[in-house]
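Secondary and tertiary structure notes
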Amino acid sequence: MTTIVGRRQELLLDRAGGDRDVELLMGLLTTARRVIRAYNAGLAEHDVTDGRFAALLAIDAEPGITPAALADRLVVTRATVTGLVDNLVKRDLVIREADETDRRTLALHLTEDGRATVATVAPLVTGWFTAVADGIEPADRDAAWRTFAQIQANVRDRSPGTDV
């Protein structure tokens, strides 16, 4: 991996005649894909996926959260949360309990193993992200943040119904 733009992105870039805006976005796509691939591989070493880890973090942050609230927090469907929670319960990372105030409502809590997973994986992920960002100057980070914000605003403006 010596190029910023991946081979698949090079195909479109060649077609676009080397347009610098297209090149920027192709580089961003390639970089995001490489970061996501490495991030997911790191999570897999701890037998969790991005979705499961996000659910564990959300439940840890808000013990007793309902499945519906968890779906809203993770910006996924309730059906997706049902599958996530089923898997986490099966793996003894989460328990479902009847809510104390409304027995028809379920409350989600981490088990001891769930808390241990969060306690182990969260600092590793944070450390990995810090290491990956090593050498980026604060001014460059600020410029990248403004660039990402502008790209997201442009996507929102050009893609109705898309929440970036």
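This report concerns the structure included in the present document. (Residues numbered from 1 in each chain as written. Predicted model: local features only at pLDDT ≥ 70, side-chain atom pairs only at ≥ 80, totals over all residues. Heavy atoms only, no water.)

1. As for the pattern of salt bridges
- Evaluation of the coordinates by the stated rule reveals 3 salt bridges.
- The salt bridge involving E23 is made with R20; its shortest N-O contact spans 2.4 Å. Placement of the pair is E23 and R20 together in helix α2 (residues 20–44), with a separation of 3 residues, close to one helical turn.
- Of the residues examined, E23 reaches a relative accessible area of 26% and is grouped as partly exposed.
- With a shortest N-O distance of 3.2 Å, R91 and D47 are connected by a salt bridge. Here the residue R91 occupies a position in the loop between α5 (78–90) and β1 (94–98), and D47 occupies one in the loop between α2 and α3 (50–61), the gap between them amounting to 44 residues.
- With relative accessibility at 25%, the residue R91 sits in the partly exposed group.
- The exposure class assigned to D47 is partly exposed, which follows from its relative accessible area of 49%. (Salt bridge = Lys/Arg side-chain N within 4 Å of Asp/Glu carboxyl O. Helix = DSSP H or I, 4+ residues; strand = E, 2+ residues; numbered from the N terminus. Buried < 20%, exposed > 50% of the residue type's maximum accessible area, 1.4 Å probe, protein only.)

2. Observations regarding the packing of aromatic side chains
- Tallying each qualifying case throughout the model produces 2 aromatic pairs.
- With a centroid separation of 5.3 Å and an interplanar angle of 55 degrees, the aromatic rings of W128 and F129 are classed as tilted.
- For W128, a relative accessible area of 28% translates into the label partly exposed.
- What makes F129 partly exposed here is its relative accessible area of 39%.
- Of the aromatic side chains, those joined through ring pairs into one cluster are Y39, W128 and F129. (Phe/Tyr/Trp six-rings, centres within 6.5 Å; stacked < 30°, edge-to-face > 60°.)

3. Topic: the layout of surface pockets
- Empty space within the largest pocket amounts to approximately 860 Å³.
- Of all the elements in the fold, those that place two or more residues in the lining of the largest pocket are α2, α6 (112–132) and α7 (138–158).
- Partitioning the lining of the largest pocket into residue classes produces 18 nonpolar, 3 polar and 3 charged. (1 Å grid on protein atoms, 1.4 Å probe; cavity = no way out; pocket = protein on both sides within 12 Å on 5 of 7 lines; lining within 4 Å. Points joined across faces, edges and corners; volume = space filled by probe spheres on them. Nonpolar A, V, L, I, M, F, W, Y, C, P; charged D, E, K, R; others polar.)

4. Quick look at the packing of α3 against α6
- Relative to each other, α3 and α6 sit at 115 degrees, their axes nearing to 11 Å. The orientation of α3 with respect to α6, classified from their angle, is roughly perpendicular. The interaxial crossing formed by α3 with α6 has left-handed handedness. Contact residues: α3 offers F53, L56, L57 and D60, while α6 offers T117, V118, V121, A122 and V125.
- Of the residues belonging to the contact of α3 with α6, the class tally is 7 nonpolar, 1 polar and 1 charged. (Axes fitted to C-alpha atoms, helices over the stretch in contact; angles between N-to-C directions. Parallel < 35°, antiparallel > 145°, perpendicular 65-115°, else oblique. Left-handed = near helix turned anticlockwise from the far one by under 90°. Contact = heavy atoms within 4.5 Å.)

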